[in-house]
Amino acid sequence: MAKNAPSNKATVRSPRIALVHALSVSVAPISDAFAAHWPQARTFNLMDDSLSVDLAAEGAITDAMTQRFIDLSRYCASTGASAVQFTCSAFGECIDAAREAVDIPVLKPDEAMIEEAFTYGPRLGAVVTFEPSVQSVCAQIDGFSAKIGVRPQLDLRVAEGALDALRAGDVAQHDRLIAQT
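Predicted model, so just to flag it, every value in this text is computed and none were measured.

What about the overall build of the chain?
What the chain contains, in helices and strands, is eight helices and six strands. Listing every helix and strand of the chain by position from the N terminus yields β-α-β-α-α-β-α-β-α-β-α-β-α-α. Based on the C-alpha atoms only, the size of the chain along its principal axes is roughly 65 × 40 × 35 Å. Expressed as a percentage of its 181 residues, the buried residues of the chain come to 35%. Here the contacts in the chain between residues at least 6 apart in sequence split such that 63% fall between residues at least 24 apart.

Some remarks on the packing of helix α2 (residues 50-58) against helix α3 (residues 63-78)
Packed helices, taken two at a time, are described by the angle between their axes plus the distance between the axes. At a closest axis distance of 11 Å, the pairing of α2 and α3 adopts a crossing angle of 165 degrees. As the angle between them shows, α2 and α3 are arranged roughly antiparallel. The two elements α2 and α3 meet at a crossing, and its hand is left-handed. Here Ser50, Leu51, Asp54, Leu55 and Glu58 of α2 lie close against α3, whose contacting residues are Met65, Arg68, Phe69 and Leu72. Of the residues assigned to the contact of α2 with α3, the class counts are five nonpolar, one polar and three charged.

Some remarks on the side chain of threonine 66
For threonine 66, the location among the structural elements is in helix α3. Take threonine 66: its relative accessible area is 16%, and that puts it in the buried class. Leave out the neighbours within four places in its chain, and threonine 66 touches Ile61, Cys94 and Ala97.

Some points on the pattern of salt bridges
For the structure on display, the rule yields six salt bridges. Salt-bridge contacts for arginine 99 lead to aspartate 96; the nearest nitrogen and oxygen are separated by 3.5 Å. Of this pair, arginine 99 and aspartate 96 both sit in helix α4 (residues 92-101), separated by three residues, roughly a single helical turn. A residue is classified by how much of its surface remains accessible, and arginine 99, at 27% relative accessible area, is partly exposed. Across the pair glutamate 111 and arginine 99 runs a salt bridge whose closest N-O atoms are separated by 2.5 Å. Here glutamate 111, found in helix α5 (residues 111-117), pairs with arginine 99, found in helix α4; they are 12 residues apart in sequence, far enough to count as distant. Looking at glutamate 111, the relative accessible area reads 27%, which means it is partly exposed. A single network of salt bridges, built from pairs that share partners, joins Asp96, Arg99, Lys108 and Glu111.

Procedures and definitions
Residues numbered from 1 in each chain as written. Predicted model: local features only at pLDDT ≥ 70, side-chain atom pairs only at ≥ 80, totals over all residues. Heavy atoms only, no water. Helix = DSSP H or I, 4+ residues; strand = E, 2+ residues; numbered from the N terminus. Buried < 20%, exposed > 50% of the residue type's maximum accessible area, 1.4 Å probe, protein only. Contact = heavy atoms within 4.5 Å. Axes fitted to C-alpha atoms, helices over the stretch in contact; angles between N-to-C directions. Parallel < 35°, antiparallel > 145°, perpendicular 65-115°, else oblique. Left-handed = near helix turned anticlockwise from the far one by under 90°. Nonpolar A, V, L, I, M, F, W, Y, C, P; charged D, E, K, R; others polar. Salt bridge = Lys/Arg side-chain N within 4 Å of Asp/Glu carboxyl O.

Now the structure itself:
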């Protein structure tokens, strides 16, 4: 067969997944998870850590933040991404808006976890390390519980200092603070 002649074999390309981060400390763990659990996926990372800074400063989601998520999703789609995985749970409503803006799957970081948690019953515990995530996680749990007709008993806590430890490179302290919480 000639070097550039088409073959009869269909070429199956691995999915291209855009990973969008609002915290720089999210890049390594999600990359490690993909490498371990879905190594065939071709991932690429986008980071806008000003999103988390702006949310902490504003104290609430703004229309401008939501627009940034829409713009990020459109950019990811324009690169040929098969899907977009956002990695910060604080921006649930922004991610919902981004889903409407593109024709590829746009995923929240914790929706599968929330769905699976309900398979164990309505008593749920959750620990977050970024305090602005509390409102979004509660809204996601409320939304899913309403969809399945189950009223949850939720104990949601913030692991104070865990994110700071992780940012300082102290993974062991991060993990200890989460376990203590």
